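# Architecture and fold: a report
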Amino acid sequence: RATLTGSDTIAGSSISLLDALRNCVSIGIPLERAVYAATAAPARAINARDTGSLEAGKCADVIILDRDLSLKAVYIDGRRFHG
């Protein structure tokens, strides 16, 4: 159980979003649907128009995965950060 520091307030999941994506795919959710659920759907839910999909003018934060969903590279603001 994950809690906020110094309290009993539940903080949510203790796995990364990438691990959650992998879990979804491993139980049969198509990759495209899992990626949408991790990116565009939450952005739409909070009306964040500058994120959630790859389009001109939006934030350029992306990850590159291989076929096994292993992390290969991270780009933040369009600049390679890792990998």
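Just above sits the structure.
This is a predicted model, so every value here is computed, not measured.

## Description of the overall build of the protein chain
Helix and strand counts for the protein chain come out as three helices and five strands. Moving toward the C terminus, one meets the helices and strands of the protein chain in the order β-β-α-α-α-β-β-β. Each principal axis of the C-alpha atoms in the protein chain carries an extent, and together these give about 40 × 30 × 25 Å. Within the span of the protein chain, comprising 83 residues, buried residues form 13% of the whole. Long-range contacts, defined as pairs at least 24 residues apart, comprise 14% of the intrachain contacts of the protein chain with a sequence gap of at least 6. Counting 10 positive and 9 negative side-chain charges, the protein chain places the centres of these two groups 3 Å from one another.

## Section: the pattern of salt bridges
In total, this model carries three salt bridges according to the counting rule given. The closest approach of N and O atoms between Glu55 and Lys58, which form a salt bridge, is 3.2 Å. Judged by relative accessible area, which is 47%, Glu55 ranks as partly exposed. Of the residues examined, Lys58 reaches a relative accessible area of 23% and is grouped as partly exposed.

What counts, and at which threshold
- Residues numbered from 1 in each chain as written.
- Predicted model: local features only at pLDDT ≥ 70, side-chain atom pairs only at ≥ 80, totals over all residues.
- Heavy atoms only, no water.
- Helix = DSSP H or I, 4+ residues; strand = E, 2+ residues; numbered from the N terminus.
- Buried < 20%, exposed > 50% of the residue type's maximum accessible area, 1.4 Å probe, protein only.
- Contact = heavy atoms within 4.5 Å.
- Lys, Arg positive; Asp, Glu negative; His and termini not counted.
- Charge placed at Lys NZ, Arg CZ, Asp CG, Glu CD.
- Salt bridge = Lys/Arg side-chain N within 4 Å of Asp/Glu carboxyl O.

By themselves, these observations are geometric and do not establish any function.
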